[in-house]
Amino acid sequence: MPNNENKEILEVLLANRLFLYSLLHKVFGREPDTDFLQILTGENTCEAFALLSDEEGDVPDRFVLFLKELRGEFTQKPFMEQLKTEYTRLFIGPTKLPAPPWESVYRSKQGLLFQESTLAVREFYRKFNMLPQDYPHVADDSLALELHFMAKLSEKALDALRADRMEDLNYYLNGQNIFLQSHLLVWVPKFLERMADAPSDLMYPQLALVTDDFLRRDQKVVEEMLSMIGC
């Protein structure tokens, strides 16, 4: 059982992770609108990413500056229309997607959906009694769904900590650690490489960069938390 000081640290870390995973799930899972961009560029989001920063000029620090610059842009109709076009071009089509947001594309030789990696992700969800709302008609391994899964496990981990259920906390954190190493950290760097060459860079290539950076940092944070609870 962690002492009170460590428990407070754990709660801050878990709450911040829940916020960021939930936010990034919405970033890649829905078309942008003014209401969401207000949240994305708001102080809570800037503070959440600032907590990740180790030094001035690193990825989270630069991203916070980018968000602050966006605040004056998204209220302008032309910018919003361009942003929606960017989202459609990158993640919906109808033309060939420059950076498909599905794990199986990056883990199969043919670059196809619904491959063995998709089934592996589905089984991971099932282990924690979570399946996508539109199962089985959606590709379970989309970036948005994988981030949503991490958000739900973060929520369960936070609830477990607050109820002093350390074994449950250990279970959910271990699950996240394995999912990060076996899935997200395997393919998101490849997704990021393609996003870097995307034909538009209003917002989503920057979001892909900070997502990749967050996942790398989060895997280390999860291991630190597991060490703190000592189960």
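Definitions and cut-offs
- Residue positions are counted from 1 within each chain, in the order its sequence is given.
- With the structure being a predicted model, the display of local features is reserved for residues of pLDDT at least 70 and the display and counting of side-chain atom pairs for 80 or more, all residues being used for whole-chain, interface and lining totals.
- Only hydrogens and water are set aside; all other atoms, that is, all heavy atoms of the structure, feed into the side-chain values.
- Definition used in this section: a nonpolar core is a set of buried Ala, Val, Leu, Ile, Met, Phe, Trp, Tyr and Cys residues joined via side-chain atoms within 4.5 Å.
- For every residue, the accessible area (1.4 Å probe, protein chains only) is compared with the maximum for its type, and the residue is labelled buried under 20%, exposed over 50%, or partly exposed between those bounds.
- Counting from the N terminus, the helices are DSSP H or I runs at least four residues long and the strands are E runs at least two residues long.
- Any two residues whose heavy atoms approach within 4.5 Å at even a single point are treated as in contact.
- For this document, the term salt bridge refers to a Lys or Arg side-chain nitrogen within 4 Å of an Asp or Glu carboxyl oxygen.
- Under the pairing criterion, centres of Phe, Tyr and Trp rings, with the six-membered ring standing for Trp, must be within 6.5 Å; the plane angle then separates stacked pairs below 30 degrees from edge-to-face pairs above 60, leaving the rest tilted.
- One fewer than the residue count of a helix, multiplied by 1.5 Å, yields its expected span.
- Simply put, an axis is a line fit to the C-alpha atoms, just over the touching stretch for a helix, and the angle between two N-to-C directions goes from 0 to 180 degrees.
- In these notes the angle categories are as follows: under 35 degrees is roughly parallel, over 145 is roughly antiparallel, 65 to 115 is roughly perpendicular, and the rest is oblique.
- Handedness of a helix crossing follows the sense of rotation of the near helix relative to the far helix, less than a right angle counterclockwise being left-handed and clockwise being right-handed.
- Basically, the charged four are Asp, Glu, Lys and Arg, the nonpolar ten are Ala, Val, Leu, Ile, Met, Phe, Trp, Tyr, Cys and Pro, and anything else, Gly included, counts as polar.

Peer 1: Could you give me a rundown of the nonpolar core, with the residues and numbers involved?
Peer 2: By size, the foremost hydrophobic cluster in this structure holds 73 residues, and its most contacted members are F49, F191 and Y204. By residue number, the principal contributor to this core is helix 9 (residues 166–196), which donates 12 residues. If we ignore the near neighbours within four places in the chain, the residues touching Y204 are V27, R30, P32, L83, E86, Y87, L90, F91 and M195.

Peer 1: Mind laying out unusual backbone geometry, listing which residues take part and the relevant values?
Peer 2: Glycine aside, negative phi is the norm for most residues, and most peptide bonds take the trans geometry. Backbone torsion omega between G93 and P94 reads 15°, so that peptide bond is classified as cis. Even without being glycine, N129 reaches a positive phi, approximately 60°. Inspection of the secondary structure puts N129 in the loop between helix 7 (116–127) and helix 8 (143–162).

Peer 1: Describe the pattern of salt bridges, and please don't skip the residues or the numbers.
Peer 2: Tallying each qualifying case throughout the model produces 14 salt bridges. One salt bridge in this structure joins R122 and D140, with 2.8 Å as the shortest N-O distance. Residue R122 is found in helix 7, and its partner D140 is found in the loop between helix 7 and helix 8; the two are separated by 18 residues along the sequence. Where K152 meets E155, a salt bridge forms, and the shortest distance between an N and an O atom there is 3.1 Å. Residue K152 and its partner E155 are both found in helix 8; the two are separated by three residues, about one turn of the helix. Among the charged side chains, a salt-bridge network with shared partners connects D54, D58, D213 and R217.

Peer 1: Residue-level account of the packing of aromatic side chains, with values.
Peer 2: Applying the stated rule across the entire model yields 21 aromatic pairs. A centroid spacing of 6.5 Å and a plane angle of 90° characterise the contact between Y106 and F191, whose relative ring orientation is edge-to-face. Of this pair, Y106 sits in helix 6 (residues 103–107) while F191 sits in helix 9, and the two are 85 residues apart along the sequence. On the basis of relative accessibility, which here comes to 9%, the residue Y106 falls in the buried class. Here the aromatic rings of F128 and Y172 are separated by 6.4 Å at their centres, their planes lie at 40°, and the arrangement is tilted. A residue pair is termed long-range when its members are at least 10 positions apart, and F128 in the loop between helix 7 and helix 8 and Y172 in helix 9 qualify at 44 residues. The exposure class assigned to F128 is buried, which follows from its relative accessible area of 6%.

Peer 1: Which residues make up the environment of P2, and what values go with them?
Peer 2: Here P2 is to be found in the segment before helix 1 (4–29). Taking relative accessible area as the criterion, P2 reaches 8% and is therefore assigned buried. Separated by 159 residues in sequence, P2 and L161 place their C-alpha atoms 9.9 Å apart.

Peer 1: Hey, could you go over helix 1 for me, with residue numbers and the actual values?
Peer 2: Each α-helix winds once per 3.6 residues, and so residues spaced three or four apart point in a common direction. For helix 1, which comprises 26 residues, the first-to-last C-alpha distance of 37 Å matches the rise-based estimate of 38 Å (1.5 Å per residue) to within 8%. The complete set of buried residues in helix 1 reads L10, L14, N16, R17, L18, L20, Y21, L23, L24, V27 and F28. The secondary structure elements touched by the buried residues of helix 1 are helix 2 (34–40), helix 3 (43–50), helix 5 (77–91), helix 8, helix 9 and helix 10 (204–229).

Peer 1: Tell me about the environment of E146, and name the residues and values.
Peer 2: Its place among the elements puts E146 in helix 8. In this structure E146 comes out as buried when scored by relative accessible area, which is 0%. In this structure the C-alpha to C-alpha distance between E146 and I229, which are 83 residues apart in sequence, comes to 25 Å.

Peer 1: Can you explain the packing of helix 1 against helix 8? Please cite residues and give values.
Peer 2: Axis separation between helix 1 and helix 8 bottoms out at 8 Å; the angle between their running directions is 155°. When the axes of helix 1 and helix 8 are compared, the pair comes out roughly antiparallel. Between helix 1 and helix 8 lies a crossing of left-handed hand. Classifying every residue of the contact of helix 1 with helix 8 by side-chain character gives 15 nonpolar, five polar and five charged.

Peer 1: I'd like a rundown of the side chain of T211, residues and numbers included.
Peer 2: Position of T211 relative to the elements: it lies in helix 10. Residue T211 is classed as buried on the basis of its relative accessible area of 1%. For T211, the residues in contact, after removing those within four places along its chain, are L24 and F28.

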